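# An overview of the molecular structure
These are the residues of each chain, in order.
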Amino acid sequence: MKAPRTLFIILVSEFPPGLHGGIGYWAKNIHTTLNANGNKAIVMTRKTKIHKQLNLKSTETIKYISGRNWTKMSWLYLLPHLLPILITGQNITIIAATWRNATMIHYLKKIFPFTLYCSARGTEITKAVYPAKSKTRSEFKRVLKNIDILIPISSFLDKLVRKSFPEIPIESFVIGNDVDHHLFTPVENPKQKNELRTKIGIPENAPVLLTVGRMVTFKGFPDLIRALKPVAEEIPEFIFLMVSAPREPEYGKVLDAIGSSGLEKNVIIKNHVEHNKLPLLYQASDVFVLWSKAVYEPMYQEEGFGRTAIEAAACGLPVVVSDTGGQPETIIDGKTGYIVPSGEEELLAKRLIPLLTDKPAAEKMGKAGRMFIEKTYTADIMREKILQLHAQ
């Protein structure tokens, strides 16, 4: 007898379109690939200002739900939408994009027979492991006790949660992250790259180093900029393109680092761009760097994975990352890029200079990176992992 088809319900606090982080696009990719391959998936998400401006209406598979304090009260806004489905007795698996999306919802397992997966993504985990308030850790601990499976996006996060709560028998499955490798693709030829640079306002022949991320302390932008002074001395014409919306107090530190390093002519800061336009910036660049660090004040924050690193690799760029958090999982050291320990500024410059000056070597690494992504971090691969997990 054929088993009844599972209905997947994805709970997420942000969902495209809009300027979202990796969580929104992670949920979108899972939702799209599950539905495109004969499965049924529904997203339940917070209705944002952008959703309202675009006059987006809920559909059969996407539910836009209004609510003010979504962080603490999302469970209350979700209940009127979840209960009618749970009552039907269908074979249901709920995927919470973060542990906060599973808060309170896990208590429903005492009444309804559904499976609950909870993703572990990044700073929402590090902040819960060593929180500013003990209440946060207690709430996270309750979620861990009541979910069926934890699905971290990196081995780093898996180990961190297990180490932090050894008293809880946590069942986990590292699901990894994903990138839309059909959207994020390498540039076809040098002419196309030059055309992209003209649109952005970058000289055609200048070596371009790119970074993309929020302007927050753990991204380590000031440290990265100071490390680039030897690069500018060796390659005066190089451009460092930062795609990051200015945000205080970090923005002031970034400007101080640029001034003290004499890199005013080398650094271009570009505000966040729409997700579907990001590939153009990767394609216009030569090398990508993500040099995040661990920060412990006012709370513990560390890169859970580094989604922009795999986006860059998908676009055929060699990628340089630090050794903190889940960043090392985004590359193959020495083949698709380099891992440079956090704080080793001199070594970082030594790694970047050859990549920016030796195009054949950089292109070789970039091609290897693209192959690595296709075999490891696509939406289809993530879908298969979810289905594999569900079949167990």
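Before any of the text, the structure's been laid out above.
These remarks concern the structure in this document. From a predicted model like this one, the values you see are computed outputs, not experimental measurements.

## Points about helix α1 (residues 22-36)
Relative to the 21 Å expected for 15 residues at 1.5 Å per residue, α1 spans 21 Å between its end C-alpha atoms, a close match to the ideal helical length. The complete set of buried residues in α1 reads Gly24, Tyr25, Trp26, Ala27, Asn29, Ile30, His31, Thr33 and Leu34. Phi turns positive, to about 85°, at Gly38, one or two residues after α1.

## Looking at the sheet that holds strand β3 (residues 62-65)
The six strands lie next to each other as β3-β2-β1-β4-β5-β6, forming an open sheet whose pairing is parallel. For this open sheet the edge positions go to β3 and β6 (149-152), each flanked by a neighbour on one side alone. Direction aside, neighbouring strands of the sheet carry axes that sit 20° apart on average. The sheet contact formed by strand β4 (residues 92-96) and strand β5 (residues 115-120) spans four bridges and is parallel. Across the sheet, Ala96 pairs through a bridge with Cys118, a residue of β5. Of the strands in this sheet, β1 (7-12), β2 (40-46), β3 and β4 touch helix α3 (residues 70-86), which is tilted by about 145° from β2.

## Brief notes about the packing of aromatic side chains
Under the definition given, this model contains nine aromatic pairs. Ring centres of Tyr282 and Phe288 lie 5.8 Å apart, and the angle between their planes is 55°; on these two criteria the pair is classed as tilted. Overall, the relative accessible area of 0% leaves Tyr282 in the buried class. Classification of Phe288 as buried rests on a relative accessible area of 0%.

## Looking at helix α15 (residues 359-376)
Taking 1.5 Å of rise per residue, the 18 residues of α15 would be expected to cover 26 Å, and the 25 Å separating its terminal C-alpha atoms lies within 8% of that figure. Among all positions in α15, only Ala362, Met365, Gly366, Ala368, Gly369, Arg370, Phe372 and Ile373 are buried. Along its buried surface, α15 packs onto α13 (307-314), β12 (337-339) and α14 (345-357).

## Examining the pattern of salt bridges
Side-chain pairs of opposite charge can arise whenever the charged atoms involved come near each other. Applying the stated criterion to the full structure yields 17 salt bridges. Glu167 is paired through a salt bridge with Lys141; the nearest N and O atoms lie 2.9 Å apart. Residue Glu167 is located in the loop between α7 (155-164) and α8 (190-200), and its partner Lys141 is located in helix α6 (residues 134-146); the two are separated by 26 residues in the primary sequence. Residues Glu303 and Lys219 are paired through a salt bridge, measuring 2.9 Å at the closest nitrogen-oxygen approach. Residue Glu303 is found in the loop between β10 (287-290) and α13, and its partner Lys219 is found in the loop between β7 (208-212) and α9 (221-227); the two are separated by 84 residues along the sequence. The two residues Glu303 and Lys219 agree in class, both being buried. By sharing partners, the salt bridges in this structure join Asp178, Arg307 and Glu311 into a single network.

## Some thoughts on the side chain of Ser172
Inspection of the secondary structure puts Ser172 in the loop between α7 and α8. Only 2.8 Å separates the side chain of Ser172 from the side chain of Asp158, close enough to count as a polar contact. Separated by 2.5 Å, the side chains of Ser172 and Arg162 make a polar contact. If sequence neighbours within four positions are ignored, Ser172 has contacts with Ile149, Leu150, Pro152, Asp158 and Arg162.

## Points about the sheet that holds β12
Reading across the sheet, the six strands line up as β9-β8-β7-β10-β11-β12 and stay open at both edges, with parallel pairing between neighbours. Of all strands in the sheet, those bounded by a partner on one side alone are β9 (267-270) and β12. Within this sheet the neighbouring strands show an average axis-to-axis angle of 20°, counted without direction. One ladder, built from three bridges, connects strand β11 (residues 319-321) with β12; its direction is parallel. Bridging across to β12, Val319 finds its partner in Gly337. Sheet contacts for α14: β7, β10, β11 and β12; angle to β10, the most-contacted strand, approximately 160°.

## A word on the packing of α13 against α15
Two numbers describe how α13 lies on α15: the axes approach to 7 Å, and their chain directions differ by 115°. Taken together, the axes of α13 and α15 are roughly perpendicular relative to one another. Between α13 and α15, the residues in contact are Ile310, Ala313 and Ala314 and Gly366, Gly369, Arg370 and Ile373, respectively. Here the residues of the contact of α13 with α15 are counted per class, giving four nonpolar, two polar and one charged.

Criteria and thresholds
- Residues numbered from 1 in each chain as written.
- Predicted model: local features only at pLDDT ≥ 70, side-chain atom pairs only at ≥ 80, totals over all residues.
- Heavy atoms only, no water.
- Helix = DSSP H or I, 4+ residues; strand = E, 2+ residues; numbered from the N terminus.
- Expected span 1.5 Å × (residues − 1).
- Buried < 20%, exposed > 50% of the residue type's maximum accessible area, 1.4 Å probe, protein only.
- Pairing = 2+ DSSP bridges.
- Axes fitted to C-alpha atoms, helices over the stretch in contact; angles between N-to-C directions.
- Contact = heavy atoms within 4.5 Å.
- Phe/Tyr/Trp six-rings, centres within 6.5 Å; stacked < 30°, edge-to-face > 60°.
- Salt bridge = Lys/Arg side-chain N within 4 Å of Asp/Glu carboxyl O.
- Polar contact = N/O pair within 3.5 Å; in protein donor to acceptor, adjacent residues only side chain to side chain.
- Parallel < 35°, antiparallel > 145°, perpendicular 65-115°, else oblique.
- Nonpolar A, V, L, I, M, F, W, Y, C, P; charged D, E, K, R; others polar.

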